[in-house]
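# Geometric and topological summary
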Amino acid sequence: MADHLARTLSADSTVRGLAAVTTDLVEEARVRHGTLPTATAALGRALTAGLLLGGLLKADERVSLQFSGDGPLGTILVDATPSGQVRGFVSRPGTHLPARAGKLDVGGAVGRGVLCVMRIPPGEVAPYRSVVPLVSGEIGADVASYLAGSEQVPSVVGVGVFVHADGRVGAAGGYLLQAMPGAEASAIDRLEQNVDSTPSPSDLVRQGLGAPAILTRLLAGFATRVLEEQTVHFRCRCTRERVEGAILAMGRAELLDLLAGERRAEVLCEFCSARYVVEEPELRALLPDA
Ligand SMILES: [Zn+2]
């Protein structure tokens, strides 16, 4: 089952649901960054949450989520687009903690701190920035708290990653449910009951459920239709041109130093761990005129 995201709306438009299966892209992130299991789960949950929030955006917008906690993991940074592209990294990929209550201790790895969400419109327009305190560092509840506080939409967010004993990702996915203005109290009660009686997102994916089936289960009792289904991917926006732009931005003096010393530049993209090597002739070509 290729990674995908599905979106649905109740017949009366008062309940919105998104669900995603992200097993392959979380495994790709693990391989790219060399994360250990607790870091894999934290990054995978954040990548999945990014895609779910991205699914709420208008075309050409982007969303970035930065979890800054005082735990051993450091910062998690992800960004996602409504077209289903996501990338991200953690500052300490080698983080692994003892399990807590039989689960990977993501909350302990993230610690206490803040979640900063930026919605970035297309063009040179300033982003919309919200900062909320972390609820638990478990990612799902933190993102739900952002939606309820900053966006004023009561929401439930569940994200989960199952990691095999050998460190590989066995299943990953998540969902986002929102009660829109006009939703009846009884509808919200039913949503809560459905969520309480549904296994964790990673269990649902392990059972072989796709995103539409996850939504059907969470929205049992509501008349709904799946509005859209799309594939989702780990994809970075770094390019050789951008790397050369960054080298150029160092300025003439720094570039001359580099040419006098190492005579080549090595640049590592934080988001995807791609390594770019710019050799001497290319560096000379970048050198601005005196
Ligand atoms: Zn990159």
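Residue positions within a chain follow its written sequence, with the count starting from 1. In keeping with the model being predicted, local features are shown solely for residues with a pLDDT of at least 70 and side-chain atom pairs are shown and tallied solely at 80 or more, while totals for entire chains, interfaces and linings include all residues. Excluded from the side-chain calculation are hydrogens and water; included are all heavy atoms of the structure.

## What to know about helix α9 (residues 252-260)
Condition: Working definition: with a 1.4 Å probe on protein chains only, accessible area under 20% of the residue-type maximum means buried, over 50% means exposed, and in between means partly exposed. Helix and strand assignments follow DSSP, with helices taken as H or I runs no shorter than four residues and strands as E runs no shorter than two, numbered in order from the N terminus. Note that the arc is defined by the directions from the helix axis to the C-beta atoms.
Buried within α9 are the following residues: Leu255, Leu258 and Leu259. Along the long axis of α9, the arc covered by the buried residues comes to 100°, so they all point the same way. Residues Ala253, Asp257 and Ala260 are exposed on α9 and point more than 90 degrees away from its buried face.

## Thoughts on the packing of aromatic side chains
To describe a pair of aromatic rings, one takes the distance between the centres and the angle between the planes. Defined as follows: Working definition: rings of Phe, Tyr and Trp (its six-membered ring) pair if their centres are within 6.5 Å, and the pair is stacked with planes under 30 degrees apart, edge-to-face with planes over 60 apart, and tilted otherwise. Lysine and arginine charges are scored as sitting over a ring when NZ or CZ, respectively, is within 6 Å of the ring centre and within 35 degrees of the ring normal.
Within this structure, the stated rule accounts for one aromatic pair. Plain terms: the ring middles of phenylalanine 89 and phenylalanine 271 are 5.1 Å apart, the flat faces sit at 85° to each other, and that makes the pair edge-to-face. In this pair, phenylalanine 89 sits in strand β5 (residues 85-90) while phenylalanine 271 sits in the loop between β12 (265-268) and β13 (275-278), placing the two residues 182 residues apart along the sequence. For the pair shown, phenylalanine 89 and phenylalanine 271 are each scored as buried. Sitting over the face of the ring of phenylalanine 222, arginine 190 holds its NZ or CZ atom 5.7 Å from the ring centroid.

## Let's talk about the packing of helix α1 (residues 23-33) against helix α2 (residues 37-54)
This is how it is decided: For helices, the axis comes from a line fit to the C-alpha atoms of the stretch in contact; other axes are also lines fit to C-alpha atoms, and the angle between any two N-to-C directions lies between 0 and 180 degrees. For classification purposes, an angle smaller than 35 degrees is called roughly parallel, one larger than 145 roughly antiparallel, one from 65 to 115 roughly perpendicular, and anything else oblique. Each crossing gets its handedness from the near helix: less than a right angle anticlockwise from the far helix is left-handed, clockwise is right-handed. Contacts between residues were defined by any pair of non-hydrogen atoms, one from each residue, lying within 4.5 Å. The nonpolar class holds Ala, Val, Leu, Ile, Met, Phe, Trp, Tyr, Cys and Pro. Asp, Glu, Lys and Arg form the charged class, and all remaining residues, Gly among them, are polar.
At a minimum axis separation of 9 Å, α1 and α2 run at an interaxial angle of 130°. One finds that α1 runs oblique with respect to α2. Both α1 and α2 take part in a crossing whose hand is right-handed. Along its contact with α1, which presents Leu25, Val26, Ala29, Arg30 and His33, the element α2 presents Thr40, Leu43, Gly44, Leu47, Thr48 and Leu51. Looking at the contact of α1 with α2, its residues break down into six nonpolar, four polar and one charged.

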